[in-house]
Each structure stands twice: as C-alpha cells, then as structure tokens.
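The primary structure of each chain is shown beneath.
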Amino acid sequence: MAPVIFLLFLLLSVAPGSMSLDMKPKKSALHQLTKSLLRNYRKGVRPVRNWTQSTMVYIDFITQSILEVDGKNQKMTLSVWYRQIWNDEFLVWDPAEFDGINEISLSFDAIWVPDVIISEFVDVGSSPDMPYVYVNSSGMIKNYRPIQVVSACSLEIYAFPFDRQNCTLTFRSWLHTVNEVNLTLWRSLEDVENDKSAFMNEGEWELISVPSRYEQLHIDSRDYAQIQFNVVIRRRPLLYVVSLLIPSLFLMIVDVMSFYLPANSGTRITFKTSILLGYTLFRVNISNELPATAIKTPLIGVFFAVCMALLVLSLAKSILVVKLLYHSEKPVKDMSVSACLLDKYGSYSQSIKDGGGQSKGYQFEVLPKVEMTPSSGELSKNILLEKILREIVALKHYLEQIDDAGSMTVEWLALCYKLDKFLFRLYLFILAIYISVLCSLWVIWSSP
C-alpha cells in the first residue's frame, strides 16, 4: 500500500510542472521565418553568391496624373506608380518548413535595395512612405510604391495653348555598373507605351503615350545601364480658346465694324479709342493665365501684341482720314448769303469812310466831290451807274470762285473717302493673313 501512495504523490508533484511547460507560448512560423532570414543577412552586400553575376532589376512605370507643368522653371510634377523587382539569393526558404508560407513582407531598411534613381529628379515630392517590400520563397523582391516625381523638363510652350510636351524620366543605378546592376522592363515596350488605365484623364493635360528604351551610358570608361521613359502629354486648349482667343477675336471684329461709322465725324475715333482701352484692360486681366517663360514669348502672346498693334494702326488710320477731311476747310460764320458778302467786301459807304476805298477783295474808286449843278448831276449819275456795273461784275466773279471752291471741296471729300476705303481693305487684308497663319499653325500643332 505504501508504494502505491508514493507513486500517486510523485504523479501529483510532476503534473503541474508539465502543464506549465505546455502552456508556454509557441513562436509563430512567420516570426521564425523572419528571424531565420535576417539572422546572418548583410544589407550592404549585393545579394549574389557569385560576385561576377549581375543583379537584374526589373522596372515598371505607370503614369497616374500630371500635377503641374511649370514653364518658367522648366520642371514638371507628376504622380506615377513605380514597380521595382529583383532577386535576392540570400532570402530563399522552403515553404514546407514554415507552415506553407510563400510570401512575407520585410522592412525596406533591413535588406539590400538597388540604388536606382531618376536622373532628372530636382525636388522631393509628397510621396507616401512605404516601409515594407514583399519577398517570396524563391527570393523575388517586389517593391511597389506610388511616388511623386518633380523632374527637370525641357518645356516648349511656344505653341500654347496647343502645345505638346515630351518629358524624359531616366532610371539608372547611381554607383553600380552594368556588370553589377542591370536594368530591364517588367512588361513589354508596347504595354508600357499604351497603358493609360491608371491615368486621371479629366485634367488639363492628356496623356498621349509613354515610349521607353534601354540604353547604356558610358562614363569614365564604365558602362551604366539606364531605362528612359518619355512622357508625352498634350494640353487641352478648349478652356483657353473660350477665355482668351474668342474675346480677343470679338474685339477685333467690333473694330472692323467701326469702319462703317461716318469718317467725317468724331464718333469713329471715340469708338476706336474705347475699344483700345477695353482691349488693354482685357490684356491686364488675362496676364495671369498666360504661361511664363524666360526663353521665348508664346505665340499667343505675340497674337495679343499684334492685335493691339492693329488696333492702334486702325485708330491712327481713322485720325489720318479725319485730318485730311478737314485739312482745307475754313471756319465760316453762320450768316445769310448777303451777310457773308458784306462781311467779305464791306458796304460802299464803309469803303468810302475807310479813306482808302480798300475792300477785302477789290479796289473801290471814290468819286470826286463836285457841286450839283444841272450839268454836273447828269455826269455824276453816269459815273455812279458805271461803278454799280463794276461791282456787279465783281460779285459775279466772286460767286464763280465760290462755286469752284465748292467743287474742289467735293472732289477732295471723294478722294478722302476713297483713301479711307483703300486703307480699310488693306487693314482687312493684313488681319486676314495674320489670323490665317496663326490658325494654320495651331491646327497643325493640335493635330494628333
């Protein structure tokens, strides 16, 4: 009986210890796998067992949106979905040993990462921080992340708002030669070029294509692999056509219609001056909508400058015509015909009182003072009649001169109106040629 009691005592004393051992937490397979992979890992060493073998890095590039195109500073900001894939020979495991785990995520800072940069990179964008990468059991690492690229770009905005831009993004290793790190595309050239599935196509810019090519850059007797992506975009011009070009053309049409106002009145000059002031105010208001560049003036800026020059030329032409119309006209008093004649020549009595008998147009002869006798009265009467006859002949000559001057004035007015019509047609011809050339250029540039 005593041995049985002793055995029961031993069983009771051993059972709590064994139960406590069984209740200890067991480490997960994911934790064991991560610890096993990174135990002797050196992230500063390129992950190849044969150092003569290059590491192939696959690159994929998907454009998401065009955020900004800065023509003055010659840079472009765009959002892209960037994918980078390579093989790490030191991060390989058997899934059967770790509960069938085929893929895990590791810290971006814990493993070797290729030093692939963008050569045109000029500023740090607002890219989200992605601290992890995916690693599968065969050692393939997938680094997927959205990035905001601010890159230098040779922007040509001369054809604004019908311009097309071609900005280059060059991916290459900063230090490793092609024998150490080589680059290639993850997808085919055609798929990369025509992929617009992720692009936000409702903005100002339209994505045309993203052609790419592989090159080797030779620097200091070393070859570096690089892949160049050309982001080809085109501006949508409808907004600028409605807000800039159409109002300007309307003002030019109104200026052309103002030529039908009477040339011999001041209304035309006043109207054209108002149009010129309105166009100047329009230019001031739209100055912020035009792209700024330090290289050359956009064609639309030249268009506005030439339109203003044409408005000034139109005003100067109208001033010239009005000046010619009033060139030979003299101020005439608002009097009757007889009053004008008296004002021109003066009365007979006034001529005598002047002492010299000098009138404005003719020389009057003053009769001698004689005493009136029966014989001398008849003589004085004859002299007076002769004088009256001479005055009538003088008036006849004066009226003929007035008729000649009137006919000359009519001919002068006709000549001025012909000159006005000729200058108007010349103005229309210049304006039509200028607009035709601009429209032709913009049509050519806006065609696909």
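Per an unreviewed UniProt entry, the protein goes by the name 5-hydroxytryptamine receptor 3B-like and belongs to Acipenser oxyrinchus oxyrinchus. As recorded by UniProt, the Sequence similarities (unreviewed entry) comment attached to the protein reads in full: "Belongs to the ligand-gated ion channel (TC 1.A.9) family." The protein has a UniProt comment under Subcellular location (unreviewed entry) that states "Postsynaptic cell membrane".

Some words on the pattern of salt bridges
Two side chains bearing opposite charge may form a pair once their charged atoms approach each other closely. In this structure the tally under the stated criterion is 8 salt bridges. E204 is the partner of R235 in a salt bridge, and the nearest nitrogen-oxygen pair spans 2.6 Å. Placement of R235 in strand β12 (residues 222-235) and of E204 in the loop between α3 (189-194) and β10 (205-209) is noted, with a sequence separation of 31 residues between them. Residue classification places R235 among the buried positions, given a relative accessible area of 9%. Two residues, K272 and D255, come together in a salt bridge whose shortest N-O distance is 3.2 Å. Placement of K272 in helix α5 (residues 267-286) and of D255 in helix α4 (residues 238-257) is noted, with a sequence separation of 17 residues between them. Here K272 and D255 have matching classes, each one buried.

Thoughts on a nonpolar patch on the surface
A contiguous nonpolar surface patch, about 780 Å² in accessible area, is contributed by L238, V242, I246, F250, I253, M257 and Y260. As for its placement among the helices and strands, I253 is situated in helix α4. On the accessibility criterion, I253 (49% relative accessible area) is partly exposed.

Structural notes on helix α2 (residues 29-38)
Residues of α2 that are buried: A29, L33 and L37. The arc that holds every buried residue of α2, seen down its axis, measures 65°, which confines them to one face.

Quick notes on α4
Between its first and last C-alpha, α4 extends 27 Å over 20 residues, near the 28 Å set by a 1.5 Å rise per residue. Approximately 30° is the largest bend angle found in α4, and it occurs at L245, with the proline P247 only one to four residues beyond. All of the buried residues along α4 are Y240, L244, L245, S248, M252, D255 and V256.

Let's talk about the side chain of S173
Locating S173 in the fold gives a position in strand β8 (residues 164-173). A distance of 2.8 Å separates the side chain of S173 from the side chain of D115, its partner in a polar contact. Excluding residues that lie within four positions of it along the chain, S173 makes contacts with D115, V116, V181, L183, Y224 and A225.

What to know about the confidence of the model for the protein
Regions with low pLDDT carry predicted coordinates that are not meant to be interpreted in detail. When pLDDT is averaged along the protein, the result is 78, and 76% of the positions lie at 70 or above. Between the elements of the protein, mean pLDDT differs from a low of 41, seen in helix α8 (residues 348-353), to a high of 93, seen in strand β9 (residues 181-185). Confidence over residues 14-25 falls short of pLDDT 50; this stretch has 0 contacts with residues more than four positions distant or in other chains. Here residues 329-367 is modelled with pLDDT under 50, and outside its nearest four sequence neighbours on either side it reaches 36 contacts, counting other chains as well.

Topic: the packing of aromatic side chains
Under the counting rule described, the total for this entry stands at 13 aromatic pairs. Ring centres of Y58 and W186 lie 5.5 Å apart, and the angle between their planes is 80°; this geometry places the pair in the edge-to-face category. You can see Y58 sitting in strand β1 (residues 55-70) and its partner W186 sitting in the loop between β9 and α3, a full 128 residues away along the chain. On the basis of relative accessible area, Y58 is assigned to the partly exposed category, the value being 31%.

Concerning the nonpolar core
Generally speaking, soluble globular proteins have nonpolar side chains that are buried together. F61, L78, F171 and F229 are the most contacted members of the largest nonpolar core, which totals 47 residues. Look past the residues within four positions of F171 in its chain and what remains in contact with it is I59, F61, Y82, V116, I117, I118, L183, A225, Q226, I227 and F229.

Focus: the side chain of Q228
In this structure, Q228 sits in strand β12. Residue class for Q228 comes out buried when judged on its relative accessible area of 12%. Of note is the side chain of Q228, whose polar atom sits 2.4 Å from the side chain of R213. When sequence neighbours within four positions are dropped, the list of residues in contact with Q228 reads T168, L169, T170, P211, S212, R213 and E215.

Considerations on the pairing of strand β11 (residues 212-219)
Each regular strand carries side chains that alternate between the two faces of the sheet. Sheet topology places β11 next to β12; 8 bridges connect them, and they run antiparallel. Considered in β12, the bridge of R213 is made with Q228. What sits between the antiparallel neighbours β11 and β12 is a turn of 2 residues, in which D220 has the positive phi angle 50°.

Some remarks on the packing of α5 against helix α6 (residues 299-325)
For any two helices packed against each other, one specifies the crossing angle of their axes together with the interaxial distance. One way to put it is that α5 packs onto α6 with a least axis distance of 10 Å and a crossing angle of 165°. On the basis of the axis angle, α5 is roughly antiparallel to α6. The chirality of how α5 crosses α6 is left-handed. On the side of α5, the interface is formed by R268, I269, K272, T273, I275, L276, Y279, T280, F282, R283 and I286, while α6 contributes F304, A305, C307, M308, L311, V312, S314, L315, K317, S318, I319 and V322. Within the contact of α5 with α6, the residues separate by chemical class into 15 nonpolar, 4 polar and 4 charged.

Scoring rules and cut-offs
Residues numbered from 1 in each chain as written. Predicted model: local features only at pLDDT ≥ 70, side-chain atom pairs only at ≥ 80, totals over all residues. Heavy atoms only, no water. UniProt positions renumbered as here; feature names shortened; annotations may be inferred. Salt bridge = Lys/Arg side-chain N within 4 Å of Asp/Glu carboxyl O. Helix = DSSP H or I, 4+ residues; strand = E, 2+ residues; numbered from the N terminus. Buried < 20%, exposed > 50% of the residue type's maximum accessible area, 1.4 Å probe, protein only. Patch = residues over 30% accessible without salt bridge, like charges linked within 9 Å, V, L, I, M, F, W, Y side chains within 5 Å. Areas by Shrake-Rupley, 256 points an atom, 1.4 Å probe, with all protein chains shown as cover. Arc of directions from axis to C-beta. Expected span 1.5 Å × (residues − 1). Bend = angle between axes of the 7 residues up to and from the residue. Polar contact = N/O pair within 3.5 Å; in protein donor to acceptor, adjacent residues only side chain to side chain. Contact = heavy atoms within 4.5 Å. pLDDT = per-residue confidence, 0-100. Phe/Tyr/Trp six-rings, centres within 6.5 Å; stacked < 30°, edge-to-face > 60°. Core = buried A, V, L, I, M, F, W, Y, C linked by side-chain atoms within 4.5 Å. Pairing = 2+ DSSP bridges. Axes fitted to C-alpha atoms, helices over the stretch in contact; angles between N-to-C directions. Parallel < 35°, antiparallel > 145°, perpendicular 65-115°, else oblique. Left-handed = near helix turned anticlockwise from the far one by under 90°. Nonpolar A, V, L, I, M, F, W, Y, C, P; charged D, E, K, R; others polar.

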